Amino acid sequence: MAPQIKYTKLFIDNEWVDAKSGKTFETYNPHDGSVIAKVAEGDKADIDLAVAAAKRAFHRNSEWRQLDASQRGEIIRKFADLIERDGQYIAELESYNNGTVMNFASMFVGSFVKTARYLASCADKLHGDTLAADGEVFSYTLKQPVGVCGLILPWNAPVGMFLNKVCTALAAGCTVVVKPAEQTPLTALVLASLLKEAGVPKGVVNVVNGFGPGAGTALTHHSDVAKISFTGSVEVGKLIQQAAGANNLKRVTLELGGKSPLVIMNDADLNLAVPYAANGVFFHQGQICIAASRLFVQSGIYDKFVEAAVKHAQSIKVGNPTDPTTQNGPQVDETMMTKVLGYIEKGKKEGAKLLCGGNRIGTTGYYIQPTVFADVTDDMTIAKEEIFGPVQSILKFDTLEEVIDRANNTNYGLAAGIFTTNVNTALQFSKYVEAGVVWVNTYLSFTPQAPFGGFKESGIGRENGMAALDAYLEVKTVTVSLPKKV
Ligand code: ADP
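Just so you know, these numbers come straight off a predicted model, no measurement behind them.

Peer 1: If you had to explain the site of the ligand to someone new, which residues and values would you point to?
Peer 2: Taken together, 17 residues lie near the ligand, and Leu 153, Trp 155, Lys 179, Glu 182 and Ser 233 sit nearest. One nitrogen or oxygen atom from the side chain of Trp 155 is found 3.0 Å from an oxygen atom belonging to the ligand. Take Glu 182: an N or O atom from its side chain is 2.5 Å from an oxygen atom of the ligand. Starting from 560 Å² of accessible surface for the ligand in isolation, the protein chains cover 82%. Judged by the fraction of its atoms near the pocket grid, the ligand is located in the largest pocket. Elements with a contribution of two residues or more to the shell around the ligand: helix H8 (212-221), strand E9 (227-231) and helix H9 (234-244). No other element matches the 3 residues that H8 contributes to the shell around the ligand. Class assignment for the residues of the shell around the ligand results in 8 nonpolar, 7 polar and 2 charged.

Structure (structure tokens):
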């Protein structure tokens, strides 16, 4: 049975309101393309209201700013408990609106509850230092919240991105305006309702659904917004960085795309490497920025590996995301499905060897067969551009030196991985590969404590862990005159 749609309005100042324009937009189920709901479409006027509410909530005398840091932590902890309470519903709604298969959606919700609890426990551990300052002074630093933050979310992991960004901002003491992706507006509204239930004072968290050029740009250009945290494409990330410098000088955290190399050495344990490599690129239908979309396999095991990789891809069960046995669901919408199929055509045209998959499945919904290309070369489009779909591209290499240089020959630098039983190889690769996250004999392994973000065009700044909190804080130095001699 379809999950109930409880909220479709904007959430501003702890109230549910229509868009000022009265406009709505439709949101869809990617399993069959059917319309799920009509959602209020926020624009500049609504962003102005939401930012004003967040600004009031950030005033030094506001209820929020007067809370002890530990009380902020308590609210986030309560929020985590409520997500746990409603986890099944949240997972179902996520699956319904973006095609995440139910097993993964439940797992995602569970892991993001852990993240929220981690961030709750950080709230009262954000402190400055006393300095060993020269001269007749006493100096110390304070870490203080940056102010109103605009949080712009992607469609591939709406619940996770909301929780991660919002809980980090709240732990730091900021107030926020969230702009979910237009493809997936629903779960953010449910999470906003739980924040209200958890006791977040009014104006601290606001959610304005809408489109990039409308609500998105209004938020990134607003002069009362001190920081933007964005997850999405490189193209929009660049626009956001420009906008951030247009009216005031906003801080930015950008978590953008990737073309992540995963290297399989001759000495790797193939029983591990084959399924990890497959999961690394097929997980969530390939709609993850850290997808292992350039799979470099050393020449000594290349043929054997390719054969096993094809077998693995063919064994993946694609279907309705609500079926508990389904491993891969649909792409999020027709636009993305068409884009991925276009990349597959390019791969064929440019001479990559298509070993399995390559086609749309059926004619309703946005399903694509898990696809494996072998004999991919560095100059092919499928080896250079982010596909964001279930397409494994296998490239052959001979030496570690060669593969490090080839892995780094990209403007991206989000994640990388290596499978090897040689510790020197693992450490040398980890040292020289240009990526914000490196996995050794594993892939897609996340914990709330570990910072996450990219080198080069994969982004600016880090999310997760204490590094993420720093990005929501200003350091203030206080210096007090103090004679040395008593
Ligand atoms: P994708 O290509 O994966 O759909 P985008 O980078 O286009 O990702 O979008 C990610 C988020 O950024 C969405 O919430 C979208 O509405 C928003 N967005 C798109 N364009 C802009 C823009 N010019 N300014 C601010 N936000 C934008």
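Peer 1: Explain the layout of surface pockets to me, using residue names and the numbers behind them.
Peer 2: Here the largest pocket defines a volume of roughly 1,000 Å³. Lining the largest pocket are 38 residues; nearest its centre among them are Trp 155, Phe 230, Gly 232, Ser 233 and Val 236. If you list the elements that add at least two residues to the lining of the largest pocket, you get H8, E9, H9 and helix H12 (334-349). Of the residues belonging to the lining of the largest pocket, the class tally is 18 nonpolar, 12 polar and 8 charged.

Peer 1: Pulling in residues and values, what's your account of the side chain of Thr 410?
Peer 2: Tracing the backbone shows Thr 410 in the loop between helix H14 (400-408) and strand E18 (415-419). A relative accessible area of 17% means that Thr 410 is categorised as buried. Side-chain polar atoms of Thr 410 contact the backbone nitrogen of Tyr 412, separated by 3.0 Å. Residues within four places of Thr 410 in sequence aside, it is in contact with Lys 259, Arg 294 and Lys 456.

Peer 1: For the sheet that holds strand E19 (residues 437-440), give the residues involved together with the corresponding values.
Peer 2: An order of E13-E16-E17-E12-E11-E18-E19 is seen for the 7 strands of this open sheet, with the pairing classed as mixed. Either end of the sheet is taken by a strand with one partner, and the two such strands are strand E13 (353-356) and E19. Between one strand and the next, the sheet's axes are offset by a mean angle of 20°, whatever the strand orientation. Here 4 bridges tie E18 to E19, and the two strands are oriented parallel to one another. When the bridges of E19 are listed, Ala 415 appears paired with Val 437. Where helix H10 (residues 270-282) meets the sheet, its contacts fall on strand E11 (261-264), strand E12 (294-298), strand E16 (371-374), strand E17 (391-397) and E18, and the angle it forms with E17 comes to roughly 130°. Lying over the sheet, H12 contacts E13, E16 and E17, oriented at roughly 25° with respect to E16.

Peer 1: Quick rundown of H8? Include the residues and the values.
Peer 2: Taken together, the buried positions of H8 are Gly 214, Ala 215, Gly 216, Ala 218, Leu 219 and Thr 220. Elements that come into contact with the buried residues of H8 comprise helix H1 (44-57), strand E6 (148-152), strand E7 (175-179), E9 and H9.

Reading guide: rules and limits
- Residues numbered from 1 in each chain as written.
- Predicted model: local features only at pLDDT ≥ 70, side-chain atom pairs only at ≥ 80, totals over all residues.
- Heavy atoms only, no water.
- Near = heavy atom within 4 Å.
- Polar contact = N/O pair within 3.5 Å; in protein donor to acceptor, adjacent residues only side chain to side chain.
- Areas by Shrake-Rupley, 256 points an atom, 1.4 Å probe, with all protein chains shown as cover.
- 1 Å grid on protein atoms, 1.4 Å probe; cavity = no way out; pocket = protein on both sides within 12 Å on 5 of 7 lines; lining within 4 Å.
- Sits in = over half its atoms within 2 Å of the grid points.
- Helix = DSSP H or I, 4+ residues; strand = E, 2+ residues; numbered from the N terminus.
- Nonpolar A, V, L, I, M, F, W, Y, C, P; charged D, E, K, R; others polar.
- Points joined across faces, edges and corners; volume = space filled by probe spheres on them.
- Buried < 20%, exposed > 50% of the residue type's maximum accessible area, 1.4 Å probe, protein only.
- Contact = heavy atoms within 4.5 Å.
- Pairing = 2+ DSSP bridges.
- Axes fitted to C-alpha atoms, helices over the stretch in contact; angles between N-to-C directions.

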